[in-house]
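Chains, contacts and geometry: an overview
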Amino acid sequence: MQRRSLITGAAAAGALGATTLALPAQAAPKPRGVQTGLDRLVADRFATLAGQRVGVVSNPTGVDADYRHLVDLIHESGRVNLVAAFGPEHGFRGSAQAGGSEGTGIDARTGVTVYDAYGASQAKWEELMTRAGVETVVFDIQDVGVRFYTYIWTMYTSMVAAARLGLRYVVLDRPNPIGGRAYGPMMTPEFTSGVGLKEIIQQHGMTVGELARFFNAEFLPADAGRQVELEVVACKHWKRDMFAADTDVPWVMPSPNMPTPDTALTYPGTGLFEGVASISEGRGTTRPFELVGGLATDFDHHWSDRLNARDLPGVRFREAYFVPTVAGHHPPLLNKLCAGVEVEVTDRAAYDPIRTAVAMLVEARKYPAFAWRADSYDPVRPYWVDKLTGSPRLRTMIDAGADVDDVEGAWSSELADFERRRRPYLLY
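Per chain, the residues get numbers from 1 upward, laid out in the order the sequence is written. Local features in this predicted model are restricted to residues whose pLDDT is 70 or higher, and side-chain atom pairs enter the listing and the counts only when it is 80 or higher, whereas totals over whole chains, interfaces and linings include all residues. The side-chain numbers reported here are obtained from all heavy atoms of the structure, hydrogens and water having been left aside.

If you check an unreviewed UniProt entry, the chain appears there as DUF1343 domain-containing protein from Catellatospora citrea.

Spelled out as structure tokens, the structure:
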């Protein structure tokens, strides 16, 4: 689509009259030409999939530069035998909330069977793939670069199943919307779960294609007995220092509470508030994971004041009030007035979302109403924040009065080790 150009500065004054105020200069145009793996697959007329029985793991984000979905494109191409689609958390068409799926059914547009694969074990994946008669599995989902965002574990378990069945696995790569840097703590084997099946860093700084290469070499030999036959259709012209806002790659909501690239920027940190019983991460508002707060009777403006006094890099905090309209992980806060902060990222390059969230937790812990979320279904590992961060360390350090530098310093060596381990698998 062609965009209009604004007349600015002196040219505006000359064209519109001397009393006209000068308009601000336009922002630099976004770099064009960043192509996803799907864009390249379409340009190559699906050559790598031609003549095969293909099963697609995708959701609404699996679109090309013209917002056409992978499944629809394959169906229309006539060059690929599309036998199944598999829907992850939130469903193939993306209508379900967190922890939900759409069930198994027939896709109205293509007539293909869509299998409900949310939370599927390797054994369940094997059953679904065998039932569908799949020869090649294609994965195309927009990740947001965070260990506890479940799509990467959908990819992992389906990779294990494909390896066990001797199937081919093709990943259509997409840019990491929050860039290529890694931050945060490592998952430990004792605290793996559906929000972190394997030992990677919280903000891994990798694309799904890079993660697939990492998984295939580091983890599949143990879990599947062998590596999968893997092909990654890489992005073109994407660089590790790019954020989603730096490109013109279409943004489609990966889940109902991930509406914008701004949400993705804060999510690696503020997603930790899913592990706090007394504080909502803003689900059901127009700014989830940017608005964070607890009951207005328990929290107040001092939270934003204390955070701003820390002068954290690349971020400021606005005193904010909101009403969560989705229960999410905090049913007691549903439809209740909450007081807290809005996270305003002022410099994407300087901003560290996990360090910022640690500061938010340290200051929130000072309120008497603060309480970690404990789940009765897992009495051995009841604290959800431990599953999100990979161990009890962050929670116990904050409870003991540790400040931000101490908490962040505790994971510096494991972060450095992960950066070394991931290096051979990076594509960009």
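**Some thoughts on the sheet that holds strand E11 (residues 291-295)**
By this definition, two strands are paired if DSSP reports at least two bridges between them. Strands here are runs of E lasting at least two residues and helices are runs of H or I lasting at least four, both read from the DSSP assignment and numbered beginning at the N terminus. With antiparallel pairing, 4 strands are arranged side by side in an open sheet as E10-E11-E13-E12. The outermost strands of the open sheet, each flanked by one partner alone, are strand E10 (279-280) and strand E12 (315-322). Where E11 and strand E13 (residues 338-345) come together, 5 bridges link them in antiparallel fashion. Bridged to Leu291 within E13 is Glu342.

**A word on helix H8 (residues 261-270)**
Type-normalised accessible area, obtained with a 1.4 Å probe on protein chains alone, sets the label of each residue: buried when under 20%, exposed when over 50%, and partly exposed for intermediate values. Summarising burial for H8: 8 of the 10 residues are buried, a large majority. Among the residues of H8, Thr263, Ala264, Leu265, Thr266, Tyr267, Pro268, Gly269 and Thr270 are the ones counted as buried. Only heavy atoms matter for contacts: two residues are in contact if any of them lie within 4.5 Å across the pair. In this fold, the buried residues of H8 make contact with strand E8 (201-203), E11, E13 and helix H10 (353-364). Sitting at the head of H8, Thr260 places a side-chain oxygen 3.2 Å from the backbone nitrogen of Asp262. Between N or O atoms, a polar contact is any pair within 3.5 Å; within protein, one atom must be a potential hydrogen donor and the other a potential acceptor, and residues adjacent in sequence are included only when both atoms are from side chains.

**Some remarks on the sheet that holds strand E2 (residues 81-87)**
Adjacent strands of a sheet form backbone hydrogen bonds with each other and so pair up, either parallel or antiparallel. One open sheet accounts for 7 strands, arranged E3-E4-E2-E1-E5-E6-E9; its pairing is mixed. On the outer flanks of this sheet lie strand E3 (105-106) and strand E9 (229-233), each paired with one strand and no other. Bridge count for strand E6 (residues 168-172) against E9 is 5 bridges, and the pairing is parallel. What sits directly across from Val170, in E9, is Glu231. Throughout, an axis means a line fitted to C-alpha atoms (over the contacting stretch in the case of helices), and angles, computed between N-to-C directions, take values from 0 to 180 degrees. Strand contacts of helix H4 (residues 122-132): strand E1 (53-58), E2, strand E4 (113-116) and strand E5 (136-140), with the helix running at about 155° to E2, the strand carrying the most contacts.

**Thoughts on the pattern of salt bridges**
Salt bridge, as used here: a side-chain nitrogen of Lys or Arg that lies within 4 Å of a carboxyl oxygen of Asp or Glu. Scanning all chains against the criterion turns up 29 salt bridges. Salt-bridge contacts for Glu127 lead to Arg131; the nearest nitrogen and oxygen are separated by 2.7 Å. Remark: Arg131 and Glu127 occur in helix H4; sequence separation between them is 4 residues, near one turn of the helix. Sharing partners across several salt bridges, the network here consists of Arg306, Arg310, Glu363, Lys366 and Asp403.

**As for the UniProt feature "domain: Peptidoglycan beta-N-acetylmuramidase NamZ C-terminal" (unreviewed entry) in the chain**
UniProt positions are given in the numbering used here, feature names are shortened, and annotations may be inferred rather than shown by experiment. Feature annotation in UniProt places "domain: Peptidoglycan beta-N-acetylmuramidase NamZ C-terminal" (unreviewed entry) on residues 265-428, given in this structure's numbering. Its end C-alpha atoms 20 Å apart, residues 265-428 is made of 34% helix and 14% strand.

**Quick word on a nonpolar patch on the surface**
A cluster of nonpolar side chains, contributed by Tyr321, Val323 and Leu337, occupies part of the molecular surface with about 280 Å² of accessible area. With respect to the helices and strands, the residue Val323 is situated in the loop between E12 and E13. To count toward a patch, a residue needs a relative accessible area over 30% and no salt bridge; like charges are then connected within 9 Å, while nonpolar side chains (Val, Leu, Ile, Met, Phe, Trp, Tyr) are connected within 5 Å. Each accessible area value is a Shrake-Rupley result obtained with a 1.4 Å probe; residue values ignore everything except the protein chains displayed when judging cover.

**Remarks on the pairing of E2**
Of all 7 residues making up E2, 6 are buried, and the element is well covered by its neighbours. The pairing of E1 with E2 spans 5 bridges and is classified as parallel. Note on E2: the bridge partner recorded for Val56 is Ala85. Consider the strands pointing away from the viewer: the crossover is right-handed when the path from the first strand over the helix to the second runs clockwise. Where the polypeptide runs from E1 across helix H3 (residues 70-77) and back to E2, its parallel neighbour, the crossover connection is right-handed. Here E2 pairs with E4 via 3 bridges, running parallel.

**Details of the side chain of Ser58**
Of note, Ser58 is situated in strand E1. Its relative accessible area of 0% is what places Ser58 among the buried residues.

**Some remarks on the packing of helix H5 (residues 151-165) against helix H6 (residues 208-218)**
Following both chains from N to C, one finds H5 and H6 inclined at 40°, their axes separated by 11 Å at the closest point. By the angle class used here, H5 and H6 are oblique. Crossing angle aside, the handedness with which H5 passes H6 is right-handed. For the pair H5 and H6, contact is made by Ile152, Trp153, Met155, Tyr156 and Met159 and by Val208, Leu211, Ala212, Phe215 and Asn216, respectively. Each angle receives one of four descriptions, namely roughly parallel if under 35 degrees, roughly antiparallel if over 145, roughly perpendicular if within 65 to 115, and oblique otherwise. Two helices that cross are described as forming a left-handed crossing if the nearer one is turned anticlockwise from the farther one by less than a right angle, and a right-handed crossing if clockwise.

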